[in-house]
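Structure assessment
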Amino acid sequence: MNEHAHPLSVSERADELEEEKMHEMERIITKSTIAHLMDGEVKMDTSPEMKAKYPGKFFLMGDDPRLPPMPEKPTLVDYFRHRFASTAHLLQSATHALKGGQPEKVVLACLLHDIAIVSFIRCDHGYWGAQMIEPYVDEEVAWAVKTHQALRFFPDESVGYGYPALYKELFGPDYKPEPYIVEEYKRARAHKWYMTSRLICVNDIYSFDPNAKVNLDDFVDIIGRNFKQPKEGLGLDNSPSAHMWRTILWPTRFL
Ligand SMILES: [Fe+2]
Ligand SMILES: [Fe+2]
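A few points on the structure. (Residues numbered from 1 in each chain as written. Chains lettered and ligands numbered in written order. Predicted model: local features only at pLDDT ≥ 70, side-chain atom pairs only at ≥ 80, totals over all residues. Heavy atoms only, no water.)

Let us now look at the coordination of the iron ion (ligand 2). Only His 89 (NE2), His 113 (NE2), Asp 114 (OD), Asp 204 (OD) and Asp 204 (OD) from the protein reach the iron ion (ligand 2) as donors, at distances of 2.1 to 2.7 Å. Within one chain, the residues serving as donors to the iron ion (ligand 2) are arranged as H-x23-H-D-x89-D. A separation of 3.8 Å is found between the iron ion (ligand 2) and the iron ion (ligand 1), both of which receive a donor from Asp 114. On the accessibility criterion, His 113 (0% relative accessible area) is buried. (Donors = N, O, S within 2.8 Å, 3.2 Å for Na, K, Ca; no water. Buried < 20%, exposed > 50% of the residue type's maximum accessible area, 1.4 Å probe, protein only.)

Here it is in structure tokens:
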């Protein structure tokens, strides 16, 4: 099977395995262009090419069999359980806010602040996350999720928030936020809901304890009271962001 003259690298072997697995699939599974861009390649899966590669097969237009199945009418909690790659950081942040006696609005904002990172796209995670939840939560919660991305980089000594030491480690000591982040910070600083977003940062920074005991069940009631779950299922409703949830539900649907 291996006709290569040189030994395969780990990533070549991984590609080969993926290829073999794809041939076993009943349907053709395609990657979105953004997935290729994220692999550092400007290319796309075209239908003639894919059809030639997998003769006699049809494109996937529904559930991806490689992913955990979702209920017919998924709720936010189902996404937490089956689509969010990691929930510890969100649960720890929300737990910290809850123990600090914060109002439910703030607890919910902490619980949802990084959902874009764990389920969708990292770049501009505050903006994506805010759009995802906007139709279903109080306006203030979505606003706070959007702006926490910018506030993270700016200290506020009045609440004991300094520039995160972790960021120096992650981005280097010389990293400076881009101008659009600086502008967002200035607008947020002057906004009436500033402190709600700042409280996400305040509760965020202490949320990396690997031994903390956290449980999604502790937040099911808060979600129930503060997140308007659509009766059709989250993503199967007609909200302005339903398509984003559907994309997380069926990330490899051809169209
Ligand atoms: Fe964040
Ligand atoms: Fe965070």
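This part takes up unusual backbone geometry. A positive phi is found at Asp 124, a non-glycine position, where the angle reads about 60 degrees. By the secondary structure assignment, Asp 124 is in the loop between α7 (115-119) and α8 (125-133). (Helix = DSSP H or I, 4+ residues; strand = E, 2+ residues; numbered from the N terminus.)

Residues Leu 112, Ile 133, Phe 227 and Trp 245 are the most contacted members of the largest nonpolar core, which totals 55 residues. Apart from residues lying up to four places away in sequence, Ile 133 is in contact with Leu 112, Ile 115, Val 141, Ala 142, Val 145, Phe 227 and Trp 245. Core analysis: the next-biggest nonpolar cluster, separate from the first, contains 8 residues, Ile 28, Met 50, Tyr 54 and Phe 59 among them. (Core = buried A, V, L, I, M, F, W, Y, C linked by side-chain atoms within 4.5 Å. Contact = heavy atoms within 4.5 Å.)

Here we come to the layout of surface pockets. Within this model, the largest pocket holds a volume of roughly 1,100 Å³. Lining the largest pocket are 34 residues, with Thr 30, Lys 31, Ser 32, Ala 35 and Thr 252 positioned closest to its centre. Elements with a contribution of two residues or more to the lining of the largest pocket: α1 (10-24), α2 (33-38), α3 (47-53), α7 and α14 (242-249). Considered class by class, the residues forming the lining of the largest pocket number 15 nonpolar, 7 polar and 12 charged. By volume, the second largest pocket amounts to about 700 Å³. Lining the second largest pocket are 26 residues, and of these Ile 117, Arg 122, His 125, Tyr 167 and Phe 171 sit closest to its centre. At the level of elements, α5 (88-99), α7, α9 (139-151), α10 (165-171) and α11 (179-189) are the ones that each hand at least two residues to the lining of the second largest pocket. Ranked by the residues each element gives to the lining of the second largest pocket, the list is headed by α10, at 4 residues. (1 Å grid on protein atoms, 1.4 Å probe; cavity = no way out; pocket = protein on both sides within 12 Å on 5 of 7 lines; lining within 4 Å. Points joined across faces, edges and corners; volume = space filled by probe spheres on them. Nonpolar A, V, L, I, M, F, W, Y, C, P; charged D, E, K, R; others polar.)

Next up on the list: α8. Buried within α8 are the following residues: His 125, Gly 126, Gly 129, Ala 130, Met 132 and Ile 133. Along the axis of α8, the buried residues cluster in a sector spanning 160 degrees; they form a single face. Contacts made by the buried residues of α8 are with α6 (104-112), α7, α9 and α14. (Arc of directions from axis to C-beta.)

Structurally, the position occupied by Ser 197 is in helix α12 (residues 194-204). Looking at Ser 197, its side chain comes within polar contact range of the main-chain nitrogen of His 148, at 3.1 Å. Once residues lying within four places of it in the same chain are set aside, the contact partners of Ser 197 are Trp 143, Ala 144, Thr 147, His 148 and Leu 151. (Polar contact = N/O pair within 3.5 Å; in protein donor to acceptor, adjacent residues only side chain to side chain.)

What follows covers the state of the cysteines. What is meant by a disulfide is a covalent connection between two cysteines, made through their sulfur atoms. On inspection of all chains with the given rule, the structure shows 0 disulfides. Its sulfur unpaired, Cys 110 is 9.1 Å from the next cysteine sulfur, which belongs to Cys 201. With relative accessibility at 0%, the residue Cys 110 sits in the buried group. With no disulfide of its own, Cys 123 lies closest to Cys 201 among cysteine sulfurs, the gap being 18 Å. (Disulfide = S-S within 2.5 Å.)

Relative to the helices and strands, Leu 236 is located in the loop between α13 (220-226) and α14. Along the chain, Leu 236 and Glu 72 lie 164 residues apart, while their C-alpha atoms are 9.3 Å from each other. For Leu 236, the contacting residues outside a window of four places in its chain are Glu 72, Pro 74, Arg 246, Leu 249 and Trp 250.

All quantities given are derived from atomic positions and should not be read as evidence of function.
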